[in-house]
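Each chain is listed here by its residues.
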Amino acid sequence: MTATLPQTGSRRLSTAKAMVEAISQEMQRDESVFVLGEDVGAYGGIFSSTTGLLDQFGPTRVLDTPISETAFIGLAIGAAVEGMRPVVELMFVDFMGVCLDQIYNHMAKIHYESGGHVSVPLVLTTAVGGGYSDGAQHSQCLWGTFAHLPGMKVVAPSTPYDAKGLMTAAIRDPGPVIYMFHKGVMGLAWMAKNQRSIGAVPEEPYEIEIGKANVVRSGADVTVVTISLSVHHALDVAEQLAGEGISCEVIDLRSIVPLDRAAIRASVAKTGRLVVVDEDYASFGLSGEVIASVVEHDPGLLRAAPVRVAVPDVPIPYARELEYAVLPTPARITEAIREVMRP
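Conventions adopted
Residues numbered from 1 in each chain as written. Predicted model: local features only at pLDDT ≥ 70, side-chain atom pairs only at ≥ 80, totals over all residues. Heavy atoms only, no water. Salt bridge = Lys/Arg side-chain N within 4 Å of Asp/Glu carboxyl O. Helix = DSSP H or I, 4+ residues; strand = E, 2+ residues; numbered from the N terminus. Buried < 20%, exposed > 50% of the residue type's maximum accessible area, 1.4 Å probe, protein only. Contact = heavy atoms within 4.5 Å. Core = buried A, V, L, I, M, F, W, Y, C linked by side-chain atoms within 4.5 Å. Domains from an automatic or database assignment. Disulfide = S-S within 2.5 Å.

Student: Describe the pattern of salt bridges, listing the residues and the values that go with them.
Tutor: Tallied over the entire structure, the rule returns 14 salt bridges. With a shortest N-O distance of 2.7 Å, lysine 164 and glutamate 21 are connected by a salt bridge. Of this pair, lysine 164 sits in helix α7 (residues 160-172) while glutamate 21 is found in helix α1 (residues 15-29), placing the two residues 143 residues apart along the sequence. For lysine 164, a relative accessible area of 0% translates into the label buried. Look at glutamate 21 and you get buried, because its relative accessible area is 16%. A salt bridge links glutamate 207 to arginine 172; the nearest nitrogen and oxygen atoms lie 3.1 Å apart. On the criterion of sequence distance, the pair formed by glutamate 207 in the loop between β8 (198-200) and β9 (214-217) and arginine 172 in helix α7 is long-range, its members being 35 residues apart. Overall, arginine 172 belongs to the partly exposed group, its relative accessible area being 28%.

Shown next as structure tokens:
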């Protein structure tokens, strides 16, 4: 059952700590849950995604693996098929290329190919996102790629509260879930500061329904649909534009598969304008799917052509100036909103 809990109280955690707490609580509740991946043990995950779990549960349930993504993701799939609930970390989503056969031809398809008789209750966590001069092979989001491949749920939290609730729901899900955490929302001291990366998180376990978007700011003039770090950029822009009399409604999708098309349509029916902000590539991805969700349903909902702010179809540059030129920055979001608001 999905619990609806208020995001209030004095207990505050970073997104990274909220993720770890969810995993820890599920490991305590269910002995079939275990963690594996590169540097998830003593190091605690390079983005603090597993910090402290080795001390709590020991090396039989928190497994540091060799640098062989195909091998340890295959191991996790086999364990899931046999009734365990692995949480396996792919350090950077960009590394999916070396293990995509295991992810898509096995993890995503086994349930279908078995006629529904074999389940794969596995959570694949992975770091996404740019903004830190990590280069073309460490800076992508790629959630649109996974969303395009049937058989897996895909989630991406933007806040500590959502990080815990989505992780709990993902671990308890009977099928494979891709859990994508943006480096910029983790609340790590050595990365760029995000004012919302530390927030109120209930101590008790709770779930956030996978496939249920969240209206994080109500508005009347334009709908901004986005996910993960871009939620924070959109909220900052909305606060700025409110002073100019532009009322923005901001929707945090929270999950891409399932996609909450009903929430998108309901908001656009109210505002009549749509801006989609996506740190993935512009072509063949999430931004186009969000727009299609509206125009295929009722194009008459729109009073202006929709606008998308996404990464152009180029590798993410290393140089800071070039990288920020392609990312969906607040400046680009502001211009897109002004564009749809023009008479």
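Past the structure itself, the notes keep going.
Student: Which residues make up the side chain of serine 24, and what are the values?
Tutor: Along the chain, serine 24 falls in helix α1. Setting aside anything within four residues of it in sequence, one finds serine 24 in contact with Leu53, Gln56 and Phe57.

Student: Residues and numbers for the nonpolar core, please.
Tutor: One finds Trp143 and Leu253 to be the most contacted residues of the largest nonpolar core, which totals 53 residues. For this core, the leading source of residues is helix α3 (residues 69-81), giving six residues. Summarising the domain contributions, this core has at least three residues from each of domain 1 (12-200) and domain 2 (214-341). Setting aside anything within four residues of it in sequence, one finds tryptophan 143 in contact with Val128, Val154, Ala156, Met180, Ile227, Ser228, Ile256, Asp278, Glu279, Asp280 and Leu286. With 39 residues, the next largest nonpolar core counts Ala18, Val20, Ala22 and Ile23 among its residues.

Student: An account of the state of the cysteines is requested, with residue identities and associated values reported.
Tutor: Tallying each qualifying case throughout the model produces zero disulfides. Free cysteine cysteine 99: the closest other cysteine sulfur is in cysteine 141, separated by 17 Å. On the basis of relative accessible area, cysteine 141 is assigned to the buried category, the value being 1%.

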